[in-house]
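Chain and residue survey
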Amino acid sequence: MELFRNHGKGSRRVLAVAAAGAAIALALTGCQPATTDGGDGGSSEGASITFIPKNLDNPYTGVELKGGEEATAELGFTYNAVAPLDAGADSQVPFIQTEVQNGTDVIAIAANDPNAVCAALNEARDGGAKVIAFDSDAPDCRDLFINQVDSKEVALGQLRQLFDQIGGTGEIAILSATATATNQNAWIEAMIQEIEDNPDYEWDLVATVYGDDDDTKSFQEAQGLLQSYPNLKGIISPTTVGIAATARYLSTSEYKGKVALVGLGLPPQMKEYVKDGTVIGFALWDPSDIGYLTTYAAKALLEGTITGAEGDVFDGGKLGEYTVGKDGLVVVGSLLEFNAENIDDYDYISF
Ligand code: RAM
């Protein structure tokens, strides 16, 4: 499947800062800006949307973008997706800058580091573009955040799955994505808070390590955890890359079936580890819904039917109607839990 193709720039906005250059671009392409009044109360016809996920080398990204492509086709938008190879803190910045130069109407981003991307995103907004964060927030420089599932629900679901498997005592560790990822950090913060508050959870959280959403690094971090903490009872990996790499390590190690592994995984990637008994249960959502809803939210922002204020309501296409919550937050759905009984039902969450 070809995920990252550039479908060209069908529509452009004239940026105040580069009016002359943009005018030449418009003349060359013969295109008109999709929104002639800066996006408020305008039309979304032929709008351009570019998705900038965390990194290319991640099957999760492919599923998210499938939904984005589906919705852009429904709405007649021009779709584009670009991303760095790695999920490093500032690796997305040049990609955002290119979109600013291109006058893209909507930038949808899963932020690798909210601090690193903000200046470039704000430049895009100053030029009239709409910015939507999806998957991983950049709270100070976007119009909306399309969050897969309420962050606390994600955190508590993983803890409950761990508790069901190992009870409430013993050494546990977290194997995360990057140290700067807003989504993983929000989940980890909520998990740590819950461990403190919930008397059932008497675990000793001995380490939090980062595989950077890189398969090899995640595998090595999993191996390192077991070497450093031979009494570990459980690992929580709130990243699809991390949990798949950790499962692969455990599956051929002496720890298979002895160390519990929970977290957030893609069913097609995790299936073999559920079937061979390495993993009992894990969780996620359908990532394609995030890309899909992001695109419908983009339409509403461009047309000015919403501004990102609390209480704004917009049409989410096949997903139904959505209301914007506090701080521009939109929650797509609920946590799905997978185990040996139901994993075959989720083949559709494929990449
Ligand atoms: C990884 C990425 C992504 C996250 C999922 C659960 O693929 O870090 O941002 O939402 O895991």
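Presented here is a report on the structure given in the accompanying data block. What you are looking at is a predicted structure, and each value in this text was computed from that prediction instead of being measured.

Brief notes about helix α7 (residues 215-228)
Compared with the 20 Å implied by 1.5 Å per residue over 14 residues, the 20 Å span of α7 between its first and last C-alpha is a close match. Listed as buried for α7 are Ser 218, Ala 222, Leu 225 and Leu 226. Mapping the buried residues of α7 onto a view down its axis gives an arc of 95°, with all of them on the same face. In this structure, the buried side of α7 is in contact with β6 (171-176), β7 (204-210), β8 (232-237) and α8 (240-251). Backbone nitrogen of Thr 216 and a side-chain oxygen of the N-cap are separated by 3.3 Å at the start of α7; the cap is Asp 214.

Examining helix α10 (residues 288-303)
For α10, with 16 residues, the first-to-last C-alpha span of 23 Å sits near the 22 Å given by 1.5 Å per residue. For α10, the tally of buried residues reaches 14 of 16 residues, placing the bulk of the element in the interior. With its phi angle positive at about 80°, Gly 304 sits one or two positions after the end of α10.

Describing the side chain of Asp 113
Positionally, Asp 113 belongs in the loop between β3 (106-109) and α4 (114-126). For Asp 113, the side chain forms a polar contact with the main-chain nitrogen of Asn 115, separated by 2.9 Å. Contacts of Asp 113, omitting those with residues within four sequence positions, involve Ala 89 and Thr 180.

Describing the site of the ligand
If you check the shell around the ligand, you find 14 residues, and the closest are Lys 54, Asp 135, Gln 184, Asp 213 and Thr 240. A distance of 2.9 Å separates an oxygen atom of the ligand from a polar atom in the side chain of Lys 54. For the ligand, whose free accessible area comes to 290 Å², the fraction covered by protein is 99%. Here the shell around the ligand is built from residues that sort into five nonpolar, six polar and three charged.

Digging into the state of the cysteines
Disulfides are covalent bonds that connect the sulfur atoms of two cysteines. If you walk through the whole model with that rule in mind, you get one disulfide. The partner cysteine of Cys 118 in its disulfide is Cys 141, sulfur to sulfur 2.1 Å. Handedness here is read from the sign of the S-S torsion; for Cys 118 and Cys 141, about -85°, the answer is left-handed. Taken together, the residues Cys 118 in helix α4 and Cys 141 in the loop between β4 (130-134) and β5 (144-149) connect sequence positions 23 residues apart.

Things to note about the packing of aromatic side chains
Overall, the coordinates contain eleven aromatic pairs when judged by the stated rule. Pairing Tyr 346 with Tyr 348 gives two aromatic rings, centres 5.9 Å apart and planes at 40°, and the pair type is tilted. Residue Tyr 346 is classed as buried on the basis of its relative accessible area of 16%. Accessibility expressed as a relative area gives 46% for Tyr 348, which makes it partly exposed. Here the aromatic residues Phe 282, Phe 338, Tyr 346 and Tyr 348 are joined through ring pairs into a cluster of three or more. Against the face of Tyr 292 rests Lys 318, its NZ or CZ located 4.8 Å from the ring centre.

Overview of the pairing of strand β9 (residues 260-263)
On β9, burial covers both faces: Ala 260 and Val 262 on one face and Leu 261 and Gly 263 on the other are all buried. Taken together, β8, α8 and β9 form a β-α-β motif whose crossover is right-handed.

Let's talk about the sheet that holds strand β13 (residues 329-333)
Across the sheet, which stays open at both edges, the six strands sit in the order β2-β1-β3-β4-β5-β13 with parallel pairing between neighbours. Edge strands, defined here as strands with exactly one partner in the open sheet, are β2 (78-81) and β13. Averaged over neighbouring strand pairs, the angle between their axes works out to 20° when direction is ignored. For β5 and β13, the ladder comprises four bridges, and the chain directions are parallel.

Cut-offs used in this document
- Residues numbered from 1 in each chain as written.
- Predicted model: local features only at pLDDT ≥ 70, side-chain atom pairs only at ≥ 80, totals over all residues.
- Heavy atoms only, no water.
- Helix = DSSP H or I, 4+ residues; strand = E, 2+ residues; numbered from the N terminus.
- Expected span 1.5 Å × (residues − 1).
- Buried < 20%, exposed > 50% of the residue type's maximum accessible area, 1.4 Å probe, protein only.
- Arc of directions from axis to C-beta.
- Contact = heavy atoms within 4.5 Å.
- Polar contact = N/O pair within 3.5 Å; in protein donor to acceptor, adjacent residues only side chain to side chain.
- Near = heavy atom within 4 Å.
- Areas by Shrake-Rupley, 256 points an atom, 1.4 Å probe, with all protein chains shown as cover.
- Nonpolar A, V, L, I, M, F, W, Y, C, P; charged D, E, K, R; others polar.
- Disulfide = S-S within 2.5 Å.
- Phe/Tyr/Trp six-rings, centres within 6.5 Å; stacked < 30°, edge-to-face > 60°.
- Lys NZ or Arg CZ within 6 Å of the ring centre and 35° of its normal.
- Right-handed = clockwise from strand over helix to strand, strands pointing away.
- Pairing = 2+ DSSP bridges.
- Axes fitted to C-alpha atoms, helices over the stretch in contact; angles between N-to-C directions.

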